[in-house]
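The lines below spell out each chain.
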There are 2 protein chains.
Amino acid sequence: MSAQRSVKLRLFSLNCWGIRYLSRHCSQRYQMIAELLDREQHDIALLQEVWSETDYLYLKRTLATSHPFTHYFRSGVIGSGLAVFSKHRIQDALLYQYSLNGYPYMIHHGDWFGGKAVGLVILNVCGMRAHIYVTHLHAEYCRMNDTYLPHRTVQAWELLNFIRHTSADADLVILGGDLNMHPQDLGMRLLRAHSGLRDCYMETDTFDGCEDGITLIADNTFTKKKDLLPFEKGIRIDYILMKGSNSVCLKCESMSTTKGSVPGKPFPYSDHESLTSELLVQHTEGMDRTRERHNDSSDTGAPVRELVEVVSEARGVVKEGFRQTERLQLMAMCLLAVGLAFLLLPATTLPWLSHHSHCVVSYSLLGLLGALGLAMVAAGALLYVLFTAQLKALRGTEASMKLVSANLQERDGGCLTEEIGDGDGDEEEEEAEAGIMPSTPPHSPHGDARSQQPTPLDCEE
Amino acid sequence: MSAQRSVKLRLFSLNCWGIRYLSRHCSQRYQMIAELLDREQHDIALLQEVWSETDYLYLKRTLATSHPFTHYFRSGVIGSGLAVFSKHRIQDALLYQYSLNGYPYMIHHGDWFGGKAVGLVILNVCGMRAHIYVTHLHAEYCRMNDTYLPHRTVQAWELLNFIRHTSADADLVILGGDLNMHPQDLGMRLLRAHSGLRDCYMETDTFDGCEDGITLIADNTFTKKKDLLPFEKGIRIDYILMKGSNSVCLKCESMSTTKGSVPGKPFPYSDHESLTSELLVQHTEGMDRTRERHNDSSDTGAPVRELVEVVSEARGVVKEGFRQTERLQLMAMCLLAVGLAFLLLPATTLPWLSHHSHCVVSYSLLGLLGALGLAMVAAGALLYVLFTAQLKALRGTEASMKLVSANLQERDGGCLTEEIGDGDGDEEEEEAEAGIMPSTPPHSPHGDARSQQPTPLDCEE
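Values in this document were obtained by computation on a predicted structure and should not be read as measured data.

### Focus: the overall build of chain A
Moving on, step 1. Scanning chain A for helices and strands turns up 11 helices and 15 strands.
Moving on, step 2. Looking at chain A as a whole, 58% of its 461 residues qualify as buried.
Moving on, step 3. Contacts spanning at least 24 positions in sequence make up 75% of the contacts within chain A whose residues lie at least 6 apart.
Moving on, step 4. Surface summary for chain A: the accessible area is close to 18,400 Å², and the carbon and sulfur share equals 57%.

### Structural notes on the sheet that holds strand β3 (residues 69-73) of chain B
Residues and elements named next belong to chain B.
Moving on, step 1. Across the sheet, seven strands lie side by side as β3-β4-β2-β1-β15-β14-β10; this open sheet has mixed pairing. One side of each edge strand has no neighbouring strand; the edge strands of this open sheet are β3 and β10 (206-208). Direction aside, the axes of adjacent strands within the sheet are offset by 20° on average.
Moving on, step 2. Where β3 lies against strand β4 (residues 82-86), five bridges are found, and the strand directions are antiparallel. Among the inter-strand pairings, Phe69 is bridged to a residue of β4, identified as Ser86.

### So, the packing of helix α1 (residues 26-40) of chain A against helix α2 (residues 53-62) of chain A
Residue and element names in this part refer to chain A.
Moving on, step 1. Contact geometry of α1 with α2 gives a least axis separation of 10 Å together with a crossing angle of 30°. Classified by the angle their axes make, α1 and α2 are roughly parallel. Crossing of α1 against α2: the hand is right-handed. Contacts between α1 and α2 involve Cys26, Tyr30, Gln31, Ala34 and Asp38 from the first element and Asp55, Tyr58, Leu59 and Thr62 from the second.
Moving on, step 2. For the contact of α1 with α2, the per-class residue count stands at five nonpolar, two polar and two charged.

### Side note on the packing of aromatic side chains
Think of a pair of aromatic rings as described by two things: how far the centres are apart, and how the planes are tilted against each other in angle.
Moving on, step 1. Counted under the stated rule, the structure contains 27 aromatic pairs over all chains.
Moving on, step 2. A ring pair is formed by Tyr103 of chain A and Tyr148 of chain A, whose centres lie 5.9 Å apart and whose planes are at 35°; its orientation type is tilted. Taken together, the residues span a long stretch of sequence, with Tyr103 of chain A in the loop between β5 (90-97) and α3 (111-114) and Tyr148 of chain A in the loop between β7 (128-136) and α4 (149-166) at a distance of 45 residues.
Moving on, step 3. Under the relative-accessibility criterion, Tyr103 of chain A is labelled buried at 5%.
Moving on, step 4. Ring plane angle 80° and centroid distance 4.9 Å describe the contact between Tyr201 of chain A and Phe207 of chain A, whose orientation is recorded as edge-to-face.
Moving on, step 5. What makes Phe207 of chain A partly exposed here is its relative accessible area of 30%.
Moving on, step 6. Three or more aromatic residues joined by ring pairs form one cluster here, namely Tyr96, Tyr133 and Phe162 of chain A together with Tyr96, Tyr133 and Phe162 of chain B.

### Quick look at the pairing of strand β5 (residues 90-97) of chain B
Residue and element names in this part refer to chain B.
Moving on, step 1. The buried fraction of β5 amounts to six of the eight residues, a majority that puts the element mostly inside the structure.
Moving on, step 2. The pairing of β5 with strand β6 (residues 117-125) spans seven bridges and is classified as antiparallel. Paired with Ile90 across the strands is Leu123, a residue of β6.

### Description of the pairing of strand β15 (residues 275-284) of chain B
Residues and elements named next belong to chain B.
Moving on, step 1. β15 sits mainly inside the fold: eight of its 10 residues count as buried.
Moving on, step 2. Looking at chain direction, strand β1 (residues 4-15) and β15 are connected through 10 bridges and run antiparallel. Along β15, the bridge assignment pairs Ser6 with Gln282.
Moving on, step 3. Pairing of strand β14 (residues 248-257) with β15 involves nine bridges; the strand directions are antiparallel.

### Comments concerning the state of the cysteines
Residues and elements named next belong to chain A.
Moving on, step 1. This structure, assessed with the given rule, holds zero disulfides over all chains.
Moving on, step 2. Left unpaired, Cys200 is separated from the closest cysteine sulfur, that of Cys252, by 4.2 Å.
Moving on, step 3. Residue class for Cys200 comes out buried when judged on its relative accessible area of 0%.

### Observations concerning helix α4 (residues 149-166) of chain B
Moving on, step 1. Between the first and last C-alpha of α4 of chain B there are 25 Å, a value that for 18 residues agrees with the 26 Å anticipated at 1.5 Å per step.
Moving on, step 2. With 17 of 18 residues buried, α4 of chain B lies mostly within the body of the structure.

### A few points about the environment of Ala45 of chain B
Residues and elements named next belong to chain B.
Moving on, step 1. With respect to the helices, strands and loops of the structure, Ala45 is situated in strand β2 (residues 44-48).
Moving on, step 2. For Ala45, a relative accessible area of 0% puts it in the buried group.
Moving on, step 3. Once residues lying within four places of it in the same chain are set aside, the contact partners of Ala45 are Phe12, Leu37, Ala83, Val84 and Phe85.

### Notes on the pattern of salt bridges
Moving on, step 1. Inspection of every chain in the model, using the stated rule, returns 54 salt bridges over all chains.
Moving on, step 2. For the salt bridge of Asp111 of chain A with Lys116 of chain A, the shortest nitrogen-to-oxygen distance reads 2.7 Å. An identical accessibility class is assigned to Asp111 of chain A and Lys116 of chain A; each is buried.
Moving on, step 3. Between Arg129 of chain B and Asp169 of chain B there is a salt bridge, with its nearest N and O atoms 3.2 Å apart. One end of the pair, Arg129 of chain B, is in strand β7 (residues 128-136); the other, Asp169 of chain B, is in the loop between α4 and β8 (172-178), with 40 residues separating them in the sequence. Pair check on accessibility: Arg129 of chain B and Asp169 of chain B agree, each one buried.
Moving on, step 4. Within this structure, Arg10, Arg39, Glu40 and Glu278 of chain A form a network of salt bridges that share partners.

### Quick look at the confidence of the model for chain A
Residues and elements named next belong to chain A.
Moving on, step 1. When pLDDT is averaged along chain A, the result is 86, and 82% of the positions lie at 70 or above.
Moving on, step 2. Residue range residues 288-297 is modelled with pLDDT below 50. Its contacts to residues more than four positions away, or to other chains, number 27 contacts.
Moving on, step 3. Throughout residues 416-461 the model reports pLDDT below 50, and contacts reaching past four residues in sequence, or to other chains, amount to 106 contacts.
Moving on, step 4. Across the predicted assembly, pTM comes out at 0.89 and ipTM at 0.88.

Calculation criteria
- Residues numbered from 1 in each chain as written.
- Chains lettered and ligands numbered in written order.
- Predicted model: local features only at pLDDT ≥ 70, side-chain atom pairs only at ≥ 80, totals over all residues.
- Heavy atoms only, no water.
- Helix = DSSP H or I, 4+ residues; strand = E, 2+ residues; numbered from the N terminus.
- Buried < 20%, exposed > 50% of the residue type's maximum accessible area, 1.4 Å probe, protein only.
- Contact = heavy atoms within 4.5 Å.
- Areas by Shrake-Rupley, 256 points an atom, 1.4 Å probe, with all protein chains shown as cover.
- Pairing = 2+ DSSP bridges.
- Axes fitted to C-alpha atoms, helices over the stretch in contact; angles between N-to-C directions.
- Parallel < 35°, antiparallel > 145°, perpendicular 65-115°, else oblique.
- Left-handed = near helix turned anticlockwise from the far one by under 90°.
- Nonpolar A, V, L, I, M, F, W, Y, C, P; charged D, E, K, R; others polar.
- Phe/Tyr/Trp six-rings, centres within 6.5 Å; stacked < 30°, edge-to-face > 60°.
- Disulfide = S-S within 2.5 Å.
- Expected span 1.5 Å × (residues − 1).
- Salt bridge = Lys/Arg side-chain N within 4 Å of Asp/Glu carboxyl O.
- pLDDT = per-residue confidence, 0-100.

The structure is reproduced here in structure tokens:
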């Protein structure tokens, strides 16, 4: 016999836009955010872009009564910007930094320095094990020509895999944050389909907030209107997603967003709107949750065809990212080569110049060439290292996607294999590597022709 | 009623020493390794230092019959070097790259470029869910003055946390690889205590191999004898560790290592010895494994005092690493400042020189100074970025250690807190941040004195 308990869980998520000395009214806004959190008493607040540890410590001190449990995730050069404030004890935490996150030389974008990551905290909520994830993915600076799309797709893939692999014993799973993706973007479809997470905004009984749930709105005084075009009213890129388990049923009863201006205050909390979700958590005790979970922890309930198709689409993006990065790697090599030529020029010309020491201009020119050559060689070498590492990450992600996709097709009886191949002719090689379809060996050290099936083990009943 | 099944599982682990053009007899040794794996038909082979993808693809083709399922983990600039070959279907895979892994300027050590990581593959072994981890930690180049100790300790911590958080639904857990730690080193004690993994060598019924299970031996023709001192015979740094679950009992029936030379071959397989473990897997079906696991997935069976003490020791090492990295960061800033001075010197001297254009030597000297200044500024800035990121990782690890330690003490009734404090006077601040002990707020936006306990939720039975 099983008993049922109901718990209300109030969640909050906000991208705080906390770049000290650059974000406008930063410290005043942190005061406003602290007041809001202290007043509203959410169970869990998930914050992004808390870039400065000083600001985090201010929030920690200020919220010590309302949210006595907190964790700050540190990664990258500046930090991940991720912070969790909770009324419930934080039992454990883990950080996973994404393998791809833009380029360090795009200093004006700055994402690379942020060390974008997903943070997990494990809470005990009325005896239930709640796995709370907070993340912030790479920004989209130009939707028409989004050079960061492969990076964001890799991040979405790593995010969902991290959640899949670390939530096996969770009663409930919550993900909140700035995903920098529109609801129907590839990464969002990938995330929802493969993680089984449901969008609170799509499921809420009541909603009070901006039209279409948008969180980057034209009416916010901090928003640059031209950045939103062609979406005049705004876009929805911040989310609270949820997933129950075999013993816990989750329902979003209400959801709200801020709407730009804050009553009685001169400016909004941030350039993003905040999200608040109230969930009804119904916990059925005494159920055996292991069996279903154990048979296949990746079973999200979505049709296999849909799962495979969305991975196939993502693989296309990652492959294009690979080609794009290969071109960048080639340019880095060219830079290196030209730099070496500039360095060699002074070295070869110097003996000639030593016989014509009156050539002042030539000497300074050669010095300049040498310095330029040195800079180019150093930059070329560093960029080569950077792009080589990025190619590794892209190749690794594609292999991981192949593995998941091939296993899904295998589970589905292989009927999708031919239909949803990516047609680049290397499917057989890829599937063998993915661990699904054994490839024919060109030779065997012993030259024997054993069966391609794994040797049966001693399984004694 | 529950039924019991027994399965034999043969595991293999080898650091292949596969640096193309640098490791001696590389391709011949890969042929030997392929022959060995094909002949011995282990269930799972865990390989490290397979640096070249070409070599991995050679192994994959050659072992397509004996080990049809394989996965190669790509990370860093060169790769992680980790590969898994299996007779059992690989259902899923995940890679976790360590946040600290040496320094890029230590090119002769090369670890940084390897992108050291832990790879997880999930296998279906006779209906059981086997989580197989393979890893390779940062090398120890000088035991007397091991500057990489904080990095390796962080890696050990991240490794055990990754295993803890991703193995909740595993029936059995295996970790194999080159851990670059002696059996009683801090990282090994940390790993064993907090992951619950048991050392196959310590538990095996029968053992056939090198004395004391050493895997880097003086008798191996590839080993530099001076690198082993003061351990004349050799050291044990390669391991196969194992852990069962509530439904699966693991027993190491036999274990063996190679002993340097290979009969009939001119040289050994590698500069490391290989490990082979034969495990007896006893699977009791029908047990409810959720409860125990669910109550506390971090419960490894070790006494709390031991767990807290070893974390406290590790925190000391991480703190020392922090101080060491702060000094390096300061040196990077000095380099940057001197470089700027070198750059400014030509700029300020140039107007003077323009009136004395006969000064050829001065011009070339200034050019040289300028180039040197530029190089120093660039190097200083890059090193500053590197060390800042490393400080973030060290600080994050320490916060994670604090969280785990504080929760352990809380679970144990807090009686250990005073005894095993690290005495640096910031315990209160730290514990509040770790999410355990609410700190007194200096002020509250509302000025009220609410209870420091979280507000009770609506828990309706």
